[in-house]
Structure formats: structure tokens, C-alpha cells
Amino acid sequence: VAGGELGGSRVGPRKMIVEPLQQAFFFPPPFCRMTAVGDQPVDHATDTYAGSLGAATIDLAAEITVDPREGAGLSVADRIEFYKEGDAATGPTHIGDGTLVAGTSPAQYRLSYNAESHGVAGEAKTYFANCVARSVQDPTKQVPSFSRPVRVRR
């Protein structure tokens, strides 16, 4: 942007943009998707998934795939955080970090969430995953990617 002159050749000062958006310029975000609710695979055609009757937990699974455009391993999967959407005043609530399922490719993470914390029986809540990739060159740089939300009825 020209320094205050339309068509000028001087370049104005650079502005720092807010993290983690800035970090996305170092490497692209990973692919993130919810894969299962309980024993049901997520197909993105079902409106609401039913949890197991009488189950003590709501079981969620998600997978993270590092963006293949990165070439020679510029980033690696770091973690998957799970969230429950709240009301307009509170916003999303972090309900826990997933546990890596050994030997899965792409990397899958699971979380068992207390069914009592979900809400009363018959109530539907929306859950989503936040997949985080970490830069190999600079481990302090991370970039998130959110999955499509899923509705779960207890």
C-alpha cells in the first residue's frame, strides 16, 4: 500500500496480523474431520446422532491429515481438541483433548465425554473438533483447522 499517496511508489509500514492467522502463512492448515460418534461413523448426511442408551460417556472420534501440498514434511499433527457449542453468551466450551489411537493413519484421536455433562436425556448438543498442526521448522508455530460440527442426542 502506498504511503498515503494514490499511485505512489513508496510502501507504507507493514502491520502485524493476529495469531494464529499469521502462522497459517508459514504452512497451510491440516484437514480435520469428525469420524465417529459412539459406534456410528459420521457420514455428514445424518442430522443428529444418537448416543448409546444408558451409556456413561459420549464417545467422539476425529482425524487429522497434514496438508499434502506441504511437500517434505513442513508440519506434523500435534493434537485434536474437542469442543461443545454453548449458548450465544458462553460460546464453545473446550471439553478435552483427544487421545491418539495408536497405529492409525491418518492420525485418529478419541475422547470419552461424561454423559452427565452433555445434558439431560433426549437433549441434542453440537460437538466439533479442532485439529492442530505444528511446524517442523519452528515448533512454536501452530495452525488450527476446525471440523464440521455434529449433533448428538443423549
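Here, the structure is the one placed above.
What counts, and where the lines are drawn
Residues numbered from 1 in each chain as written. Predicted model: local features only at pLDDT ≥ 70, side-chain atom pairs only at ≥ 80, totals over all residues. Heavy atoms only, no water. Pairing = 2+ DSSP bridges. Helix = DSSP H or I, 4+ residues; strand = E, 2+ residues; numbered from the N terminus. Disulfide = S-S within 2.5 Å. Buried < 20%, exposed > 50% of the residue type's maximum accessible area, 1.4 Å probe, protein only. Polar contact = N/O pair within 3.5 Å; in protein donor to acceptor, adjacent residues only side chain to side chain. Contact = heavy atoms within 4.5 Å. Salt bridge = Lys/Arg side-chain N within 4 Å of Asp/Glu carboxyl O.

Colleague: With reference to specific residues and values, describe the sheet that holds strand β7 (residues 99–100).
Modeller: If you walk across this open sheet you meet the five strands as β2-β1-β4-β8-β7, and the pairing is antiparallel. The open sheet terminates on both sides in strands that have one partner only, identified here as β2 (40–41) and β7. The pairing of strand β1 (residues 31–37) with β2 spans two bridges and is classified as antiparallel. Residue pairing for β2: Val 37 is matched across the bridge by Gln 40.

Colleague: Describe the state of the cysteines, naming the residues involved and giving the relevant values.
Modeller: Scanning the model with the defined rule gives one disulfide in all. With its sulfur 2.1 Å from that of its partner, Cys 32 forms a disulfide with Cys 131. Here Cys 32 and Cys 131 share a disulfide; its torsion about the S-S bond, 65 degrees, makes the bridge right-handed. On the criterion of sequence distance, the pair formed by Cys 32 in strand β1 and Cys 131 in strand β9 (residues 124–135) is long-range, its members being 99 residues apart.

Colleague: Got a sec to walk through the side chain of Glu 63? Specific residues and values, please.
Modeller: Here Glu 63 is to be found in strand β4 (residues 57–65). With a relative accessible area of 13%, Glu 63 lands in the buried category. Polar contacts involving the side chain of Glu 63 include one to the side chain of Arg 33, which spans 2.8 Å. Once you skip the residues sitting within four places of it in the chain, Glu 63 turns out to touch Phe 31, Cys 32, Arg 33, Thr 35, Ile 80, Pro 106, Ala 107, Gln 108 and Cys 131.

Colleague: Residues and numbers for the environment of Thr 99, please.
Modeller: Of note, Thr 99 is situated in strand β7. Taking the C-alpha atoms as reference points, Thr 99 and Glu 81, 18 residues apart in sequence, are found 9.5 Å from one another.

Colleague: Could you give an account of the pattern of salt bridges, naming the residues involved and the relevant values?
Modeller: A complete count under the given rule lists six salt bridges for this structure. Here Arg 33 makes a salt bridge to Glu 63, at a shortest N to O gap of 2.8 Å. One end of the pair, Arg 33, is in strand β1; the other, Glu 63, is in strand β4, with 30 residues separating them in the sequence. With its nearest N and O atoms 3.4 Å apart, the salt bridge here joins Arg 134 to Asp 78. Of this pair, Arg 134 sits in strand β9 while Asp 78 is found in strand β5 (residues 75–84), placing the two residues 56 residues apart along the sequence. By relative accessible area, which is 26% here, Arg 134 ends up partly exposed. The class for Asp 78 is partly exposed, based on a relative accessible area of 24%.

Colleague: Would you mind going over unusual backbone geometry in detail, with residue names and values included?
Modeller: Following Ser 105, the chain continues to Pro 106 via a peptide bond in cis, the omega torsion being 0 degrees. As for its placement among the helices and strands, Pro 106 is situated in the loop between β7 and β8 (107–114).

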